[in-house]
Amino acid sequence: PGRVNYSTGQLEYAPNLPANWAQWISEHRLAEVLGIDVSLANDADMAAVGEAWFGAGRGCDDVVYLTVSTGIGAGVILGRRLIHGRRSIAEVGHSVIERTAVRARGPSTLEDLGSGTALSRLATAAGLEATGPEVEALARARNAAAGSVWNSVVEAVAIGATNLAHLF
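Residues numbered from 1 in each chain as written. Predicted model: local features only at pLDDT ≥ 70, side-chain atom pairs only at ≥ 80, totals over all residues. Heavy atoms only, no water.

Re a nonpolar patch on the surface
- Together, Val-64, Leu-78, Ile-89, Leu-167 and Phe-168 give the surface a local cluster of nonpolar side chains, amounting to about 430 Å² of exposed area.
- The topology assignment puts Phe-168 in the segment after α7 (144-167). (Patch = residues over 30% accessible without salt bridge, like charges linked within 9 Å, V, L, I, M, F, W, Y side chains within 5 Å. Areas by Shrake-Rupley, 256 points an atom, 1.4 Å probe, with all protein chains shown as cover. Salt bridge = Lys/Arg side-chain N within 4 Å of Asp/Glu carboxyl O. Helix = DSSP H or I, 4+ residues; strand = E, 2+ residues; numbered from the N terminus.)

Quick notes on the pattern of salt bridges
- Summed over the entire model, instances satisfying the criterion amount to 3 salt bridges.
- One salt bridge in this structure joins Arg-3 and Glu-12, with 2.9 Å as the shortest N-O distance.
- Residue Arg-140 is joined to Glu-136 by a salt bridge in which the shortest nitrogen-to-oxygen separation is 3.0 Å. In this pair, Arg-140 and Glu-136 both sit in helix α6 (residues 132-140), 4 residues apart, roughly one turn of the helix.

So, the side chain of Thr-109
- Positionally, Thr-109 belongs in the loop between α3 (99-103) and α4 (110-114).
- Discounting chain neighbours no more than four positions away, the residues touching Thr-109 are Gly-93, His-94, Ser-95, Val-96 and Ile-97. (Contact = heavy atoms within 4.5 Å.)

Looking at the packing of aromatic side chains
- For the structure shown, the criterion picks out 0 aromatic pairs.
- Just above the ring of Trp-53 sits the side chain of Arg-80; from NZ or CZ to the centre is 4.0 Å. (Phe/Tyr/Trp six-rings, centres within 6.5 Å; stacked < 30°, edge-to-face > 60°. Lys NZ or Arg CZ within 6 Å of the ring centre and 35° of its normal.)

Printed below as a string of structure tokens:
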């Protein structure tokens, strides 16, 4: 769950794992410990492969997979092949979707505004002591504060998904 350098087989950065893990996670080190060949890949890239071969994208030559969780990522399959470049090519979570916020040095990326982490931050700012599923339930029950938070996060994800559709 982070940035993988496909050229070196090394996890470079994983913001949602303990800080020192990335330096220890590599194809070479894992192969050495496990005694088998290992390929390391970004989690969203592998989810895209799974959907393309076994899930909703089965039978399609081109698949774009968007994961919305603690963070936001994507994987791209074109011509039935994973596209990744030296690093994962679709780090859409880090794309700016709110330029006014950039100038104010506030949350401005898709991940800042549309992830589970964003949902928690926005809920707290709105005075809601609630988890993501609880915010959703409150929004469905027509709680105004929860509805506003939920709609804000959903809108950010919709912008990101639309951007992916246009890009790929």
